[in-house]
Amino acid sequence: MAKTKPGKKDLDSYTIKGTNKVVRPGDCVLMRPSDSDKPPYVARVERIEADHRNNVKVRIRWYYRPEESIGGRRQFHGAKELFLSDHYDVQSAHTIEGKCIVHSFKNYTKLENVGAEDYFCRFEYKAATGGFTPDRVAVYCKCEMPYNPDDLMVQCEGCKDWFHPSCMGMTIEEAKKLEHFLCSECSSDDDAKRSLNAFPVSPSVEAKVEPKRRKR
């Protein structure tokens, strides 16, 4: 554990000024920006310490919004997406405005209601180089884009891949009314299987086709 400098002491917690909200190391917080027109900054508290005058400072690790990164915001970035950066800093505890929750991507997608304090993170970000970890993520749809939890997608009952309605020539309203959906590739495969089933097939072919049907 790092040694505390002379005249400083580590604190277990800090109560945000004017509130009853308690911040502890490991919590995520909203920090007041220098420009009042901007949204609050988001950071993870690594350590809380007070000097001999009882001035409280927090050592933090910044989260970056996509638009603050070198590559900027891209189509697949969610409105509440953040990147955990390698940018550490020390700030006055008085600049903490409130607390928030930065969920894992998986947990965020399971939320029934997303509140103002809910964010998610799926990438770590190197502030100096603009590099990401992981540098590859799964892509979906024929547009081959990573998943954006803000966008409605429909799942094909055949290949189980997910598709944007707009990429399949549908409106969002039409997609919401769908009871069943097959992508264009599976639709053509389905037609081919129907025509195949119209003719007698040998037992050896039947044995290969049957397990696929059961999985569906």
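Here the structure is a predicted model, which is why all the values come from computation and not from measurement.

With that settled, the discussion passes to the layout of surface pockets. Roughly 220 Å³ of volume is contained in the largest pocket. Taken together, 15 residues line the largest pocket, and the ones lying closest to its centre are R74, F76, F123, F132 and D135. Looking at the lining of the largest pocket residue by residue, the classes come out as 7 nonpolar, 5 polar and 3 charged.

Here the focus is the nonpolar core. In this structure, V29, M31, V45, V58, I60 and I96 are the most contacted members of the largest nonpolar core, which totals 21 residues. If you tally residues by element for this core, the top one is strand β6 (residues 56-64), at 5 residues. The contacts of I96, once residues within four sequence positions are left out, are Y14, I16, V29, L30, M31 and V58.

To continue, consider the confidence of the model for the protein chain. On average, residues of the protein chain score 84 in pLDDT, and 84% of them reach the 70 mark or higher. Low pLDDT (under 50) marks residues 192-216, which in the prediction has 7 contacts with non-local residues, meaning those over four places away or in another chain.

All right, on to the pairing of β6 then. Along β6, 7 of the 9 residues are buried, which leaves the element largely enclosed by surrounding structure. Taken together, the 8 bridges between strand β5 (residues 41-50) and β6 define a ladder with antiparallel strand orientation. Residue pairing in the sheet places R44 in a bridge with R61 of β6. As consecutive antiparallel partners, β5 and β6 are separated by 5 residues, and within that stretch N54 has a phi angle of approximately 70°, a positive value. Here β6 pairs with strand β7 (residues 81-92) via 7 bridges, running antiparallel. Each bridged residue has a counterpart across the sheet, and for I60 the counterpart in β7 is D89.

Turning next to the pairing of strand β4 (residues 28-31). Because side chains alternate across β4, one face comprises the buried residues C28 and L30, and the other comprises V29 and M31, equally buried. Pairing analysis gives 4 bridges linking β4 to strand β8 (residues 96-104), with the strands arranged antiparallel. Looking at β8, one finds that C28 is bridged to C100.

The full count for this structure, using the stated rule, is 12 aromatic pairs. With a centroid separation of 4.9 Å and 80° between ring planes, the pair formed by F83 and F132 is classed as edge-to-face. Here F132 lies in strand β10 (residues 132-133) and F83 lies in strand β7, a separation of 49 residues in the sequence. A relative accessible area of 0% places F83 in the buried class. Using a relative accessible area of 30% as the deciding quantity, one classes F132 as partly exposed. Consider the rings of F105 and Y147, whose centres lie 5.9 Å apart with planes at 75°: the pair is edge-to-face. Residue F105 is located in helix α1 (residues 105-109), and its partner Y147 is located in the loop between β10 and β11 (154-155); the two are separated by 42 residues in the primary sequence. Owing to a relative accessible area of 25%, Y147 belongs among the partly exposed residues under this scheme. In this structure an aromatic cluster arises from ring pairing among Y64, F83, F123, Y125 and F132. Residue placement shows K80 over the ring face of Y119; its charged tip is 4.6 Å from the ring centre.

Thresholds applied
- Residues numbered from 1 in each chain as written.
- Predicted model: local features only at pLDDT ≥ 70, side-chain atom pairs only at ≥ 80, totals over all residues.
- Heavy atoms only, no water.
- 1 Å grid on protein atoms, 1.4 Å probe; cavity = no way out; pocket = protein on both sides within 12 Å on 5 of 7 lines; lining within 4 Å.
- Points joined across faces, edges and corners; volume = space filled by probe spheres on them.
- Nonpolar A, V, L, I, M, F, W, Y, C, P; charged D, E, K, R; others polar.
- Core = buried A, V, L, I, M, F, W, Y, C linked by side-chain atoms within 4.5 Å.
- Buried < 20%, exposed > 50% of the residue type's maximum accessible area, 1.4 Å probe, protein only.
- Helix = DSSP H or I, 4+ residues; strand = E, 2+ residues; numbered from the N terminus.
- Contact = heavy atoms within 4.5 Å.
- pLDDT = per-residue confidence, 0-100.
- Pairing = 2+ DSSP bridges.
- Phe/Tyr/Trp six-rings, centres within 6.5 Å; stacked < 30°, edge-to-face > 60°.
- Lys NZ or Arg CZ within 6 Å of the ring centre and 35° of its normal.

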